[in-house]
Amino acid sequence: AKELGRNNFQFFTPSMNIKTLQRLKTENNLRHALERKEFHVHYQPQIEVSTGRILGVEALVRWQHPTTGMISPAEFIPIAENTGLIIPIGEYVLREACTQNKAWQEAGFPPMRMAVNISGRQFQQQTLVQTVENVLRETGLEPHWLELEITESVAMQDVEFTNRMLLELRKMGISIAIDDFGTGYSSLNYLKRLPIDKIKIDRSFIGDITIDPDDASIVKTIILLAHNLKLKVIAEGVETIEQFEFLKAQNCDELQGYLFSKPLPKNDLHQLLTKNNS
Ligand code: C2E
Ligand code: CA
Ligand code: CA
Ligand code: CA
């Protein structure tokens, strides 16, 4: 089938039709998911490497659809981005996460940081600063307990805009982490100039650090670079003791991954905090 004509419809294979239909269905369901209260937030601990203490948690959204079951964020976040639905969903996650963090503080746990993912579409909204301000005021969470995670690729799209936006957010007292670091294009010059606090090394570099010398040197270099720029560095997707030991030897500040805990519903995290403090 080398010589396909111009007017062939080979492109529309039956499997693609199913995919398109599924996407439309997901999109349609997504429109009602908020009002039907189908979103939940799970929390994954972020651990200080030197002490094993829980310094914070990352809020990760979960969609529990009544008939389909659990739908992965990898599947629905891109659709939410395209349709703009990520704006109300993201605001819901932010409010829920801040409310929960405040509740844990009031329950007497040692205060910890709450990290919340901000998508590209949310970041481009001029109203983001106002939204964050409102949520902090409504929930009573002090700004320095909130961290926003912005992916490297979103941050580097328009560096001037990013710079202005981050300055405003940081003026409020919240901190900023660059997520999925190493997967996009970062100019080191920009990295130096942007008002950020932390770099989050992408999971794809961590999986093989103990067997692949290239990944090992990339991770070592990122940690050195971050520390030279006075930035904290966290590794995501840490699953084994060997990976943990490697990161510890390299003075990585924090880690997050299944080795310590997967993302947990709020009640399970509450139990983990209770166990940790007794
Ligand atoms: P991410 O921000 O890079 O989040 C880390 C992902 O890695 C999470 O997947 C987490 O469950 C997973 N993970 C954590 N530790 C390990 C580990 O040790 N091994 C492995 N294999 N995976 C680990 P999750 O929850 O499925 O989220 C996927 C992505 O969806 C997130 O990647 C983020 O980009 C997006 N996402 C999730 N929640 C939100 C949200 O509330 N807002 C926005 N804008 N995006 C979100
Ligand atoms: Ca993240
Ligand atoms: Ca990440
Ligand atoms: Ca990632």
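Residues numbered from 1 in each chain as written. Chains lettered and ligands numbered in written order. Predicted model: local features only at pLDDT ≥ 70, side-chain atom pairs only at ≥ 80, totals over all residues. Heavy atoms only, no water.

A. Structural view of the packing of aromatic side chains. On inspection of all chains with the given rule, the structure shows 5 aromatic pairs. Pairing phenylalanine 39 with tryptophan 63 gives two aromatic rings, centres 5.8 Å apart and planes at 45°, and the pair type is tilted. Of this pair, phenylalanine 39 sits in strand β1 (residues 39-48) while tryptophan 63 is found in strand β2 (residues 54-65), placing the two residues 24 residues apart along the sequence. Note on phenylalanine 39: relative accessible area 2%, which makes it buried. Ring centres of phenylalanine 39 and phenylalanine 76 lie 5.7 Å apart, and the angle between their planes is 40°; on these two criteria the pair is classed as tilted. Of this pair, phenylalanine 39 sits in strand β1 while phenylalanine 76 sits in helix α2 (residues 73-83); the two residues are 37 residues apart in sequence, bridging distant segments of the chain. These aromatic residues form a ring-pair network of at least three members: Phe39, Trp63 and Phe76. (Phe/Tyr/Trp six-rings, centres within 6.5 Å; stacked < 30°, edge-to-face > 60°. Helix = DSSP H or I, 4+ residues; strand = E, 2+ residues; numbered from the N terminus. Buried < 20%, exposed > 50% of the residue type's maximum accessible area, 1.4 Å probe, protein only.)

B. How the structure looks around the coordination of the calcium ion (ligand 3). The coordination sphere of the calcium ion (ligand 3) contains the protein donors Asp179 (OD), Asp180 (OD), Glu236 (OE) and Glu236 (OE), at a distance range of 2.3 to 2.6 Å. When the donors of the calcium ion (ligand 3) are listed by position in the chain, the intervening gaps give D-D-x55-E. In this structure, the calcium ion (ligand 3) lies 3.9 Å from the calcium ion (ligand 2), and both are coordinated by aspartate 179. Note that aspartate 179 is positioned in strand β6 (residues 175-181) and glutamate 236 in strand β8 (residues 232-236), a separation of 57 residues in sequence. The exposure class of glutamate 236 is buried, given its relative accessible area of 13%. (Donors = N, O, S within 2.8 Å, 3.2 Å for Na, K, Ca; no water.)

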